[in-house]
Amino acid sequence: MKQGWLPAHTLLTNDPPAHRRFRSLVNKAFTPRRVALLEPSIRTIASELIDSFIGAGRVELVHQFAVPLPLTVIADALGVSRNDMTTFKRWSDDAVAPIGGMIGPERELECARSGLEFQRYFARELDQRRDHPRDDILTDLLNARLENERPLDTGEMLNMLQQILVAGNETTTSLIASAMLLLLQHPGHLDALRADPARIPNFIEEALRFESPVQGLSRVAKIDAQVGGVPIPAGAQLVLMYGSANRDERHFAHPEKFKIDREDAREHFAFGGGIHYCLGAPLARLEAKIGFELLLARLGEIRPTANLNDFTHTPSFTLRGLKALHLEFVATRL
Ligand code: HEM
């Protein structure tokens, strides 16, 4: 087998018209309608995770719930073994660590090695699907044809898989953890959601606005433009700060207030915008909604465990995620 594959540009770092060709291949798998079919299995996965800690009356929510929930869902969708999830999590962490721009050369090397392991694992899985097709995203990618012509090459498939795996995990984990912390900081909201779970989807939107898991991303201006009176020449390197847009007082009234009933909460930029708008937004929304429906139905009197939390975030320039969240609770439904 090859040592590794050069980075390909398929989705996040690609431009039209090529971007559209790659994007149309994966759009089908992530439409709200297709994602809704996953609801029963997401519910089962979330329930089983809660089963695993509810008897203890305490949980470290990040690693016992917010990490494994999206990881298991995406492992199932890709069609790879749940037994390998610890490794996926490491690959996922190592893929995003360099983006934060806050690691040293040793760690960079470790992350590069991890990327190679990822490629070799998934290249092997793809080879297996060539001989034994299955009902999963890996097989879909093998069967895909760019504009009904050529199949994807292995480097392109690996690049798409890496984006689906990485983009889907870290971000959804961060959303669930920060949304829970926001509820603990606003106990009135917690009671309101428990009394009326139909308000959970808007609460999720407000959490995305308020604590955007992707605070910003680098982009290059393709054409001369002007934003807010500032001229931006073609070729300029920019960082689009979604987190800042989401606190823009010209758009959101009292943006520094967390309000689960904010009427325009869904107008946030936490999933970006335009042609690169997050592919996994329907999936992330559904996972967070089901997660909170079950957590709030089964855990009562939730509070942060004294002396265990420092509420620090993983160091990163662009991503925002709590390192850990230790909670205590009273089980209301075992
Ligand atoms: C709360 C969870 C999530 C957040 C906050 C988030 C955020 C984002 C953002 C900001 C972008 C860039 C959009 C732009 O450039 O305008 C993006 C793109 C993307 N996201 Fe997500 N994401 C989340 C979950 C997911 C999930 C679950 C998946 C996996 C299925 C996923 C897959 C992708 C992919 C593949 C792209 C690149 C799309 C393209 O360039 O066409 N994301 N996401």
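For clarity, every value in this text was computed on a predicted model and none was experimentally measured.

Conventions and cut-offs
- Residues numbered from 1 in each chain as written.
- Predicted model: local features only at pLDDT ≥ 70, side-chain atom pairs only at ≥ 80, totals over all residues.
- Heavy atoms only, no water.
- Salt bridge = Lys/Arg side-chain N within 4 Å of Asp/Glu carboxyl O.
- Helix = DSSP H or I, 4+ residues; strand = E, 2+ residues; numbered from the N terminus.
- Buried < 20%, exposed > 50% of the residue type's maximum accessible area, 1.4 Å probe, protein only.
- Donors = N, O, S within 2.8 Å, 3.2 Å for Na, K, Ca; no water.
- Axes fitted to C-alpha atoms, helices over the stretch in contact; angles between N-to-C directions.
- Parallel < 35°, antiparallel > 145°, perpendicular 65-115°, else oblique.
- Left-handed = near helix turned anticlockwise from the far one by under 90°.
- Contact = heavy atoms within 4.5 Å.
- Nonpolar A, V, L, I, M, F, W, Y, C, P; charged D, E, K, R; others polar.
- Near = heavy atom within 4 Å.
- Polar contact = N/O pair within 3.5 Å; in protein donor to acceptor, adjacent residues only side chain to side chain.
- Pairing = 2+ DSSP bridges.

**Q** Hey, could you go over the pattern of salt bridges for me, with residue numbers and the actual values?
**A** A complete count under the given rule lists 25 salt bridges for this structure. A salt bridge links Lys89 to Glu170; the nearest nitrogen and oxygen atoms lie 3.4 Å apart. Placement of the pair is Lys89 in helix α6 (residues 85-96) and Glu170 in helix α9 (residues 154-185), with a sequence separation of 81 residues. Take Lys89: its relative accessible area is 17%, and that puts it in the buried class. Several salt bridges share partner residues, and in doing so they unite Glu39, Arg43, Lys289 and Glu293 into one network.

**Q** Give me the coordination of the iron atom of the ligand: which residues, what numbers.
**A** Around a metal, the idealised angle for a tetrahedral arrangement of four donor atoms is 109.5 degrees; for an octahedral arrangement of six donor atoms it is 90 or 180 degrees. The protein supplies the iron atom of the ligand with one donor atom, Cys278 (SG), which lies at 2.3 Å. Here Cys278 is to be found in the loop between α12 (242-245) and α13 (281-298).

**Q** Please give an account of the packing of helix α5 (residues 68-78) against α13 that cites residues and values.
**A** As a packed pair, α5 and α13 sit with axes 11 Å apart at the nearest point and diverge in direction by 130°. By the criterion of interaxial angle, the relationship of α5 to α13 is oblique. For the element pair α5 and α13, the recorded crossing hand is right-handed. Facing α5, whose interface residues are Leu69, Pro70, Val73 and Ile74, α13 presents Leu283, Glu287 and Gly291. Taken together, the residues of the contact of α5 with α13 sort by class into five nonpolar, one polar and one charged.

**Q** If you had to explain the site of the ligand to someone new, which residues and values would you point to?
**A** Taken together, 28 residues form the shell around the ligand, and within it His19, Arg23, Arg219, His276 and Cys278 come nearest. One of the side-chain nitrogen or oxygen atoms of Arg219 is found 2.6 Å away from an oxygen atom of the ligand. In the environment of the ligand, an oxygen atom lies 3.0 Å from a nitrogen or oxygen atom belonging to the backbone of Gly273. Counting residues per element, the ones that place at least two in the shell around the ligand are α1 (18-27), α9 and β4 (216-220). Considering every element that reaches the shell around the ligand, the biggest residue donor is α9, with seven residues.

**Q** Explain unusual backbone geometry to me, and be specific about the residues and the numbers.
**A** In this chain, Pro16 is followed by Pro17 through a cis amide linkage whose omega measures 0°. Counting through the fold element by element, Pro17 comes out in the segment before α1. Positive phi, close to 45°, is recorded for Glu301, a residue that is not glycine. Tracing the backbone shows Glu301 in strand β8 (residues 299-304). Unlike most non-glycine residues, Phe311 shows phi in positive territory, near 55°. By relative accessible area, which is 35% here, Phe311 ends up partly exposed.

**Q** Please provide a residue-by-residue account of the sheet that holds β8, values included.
**A** The pairing of strands in a sheet happens through backbone hydrogen bonds and is either parallel or antiparallel. With antiparallel pairing, the three strands of this open sheet are ordered in space as β1-β9-β8. Whereas interior strands pair on both sides, the edge strands pair on one side only; in this sheet they are β1 (58-60) and β8. In this sheet, neighbouring strand axes are inclined to one another by 30° on average, regardless of whether the strands run parallel or antiparallel. Both β8 and strand β9 (residues 326-331) contribute to a ladder of four bridges, which runs antiparallel. Its bridge partner lying in β9, Pro304 is registered against Leu327. In the packing of α9 onto the sheet, contacts are made with β8 and β9, and the angle to β8 comes to roughly 90°. The strands touched by α13 within the sheet are β8 and β9, with β8 carrying the most contacts at an inclination of about 100°.

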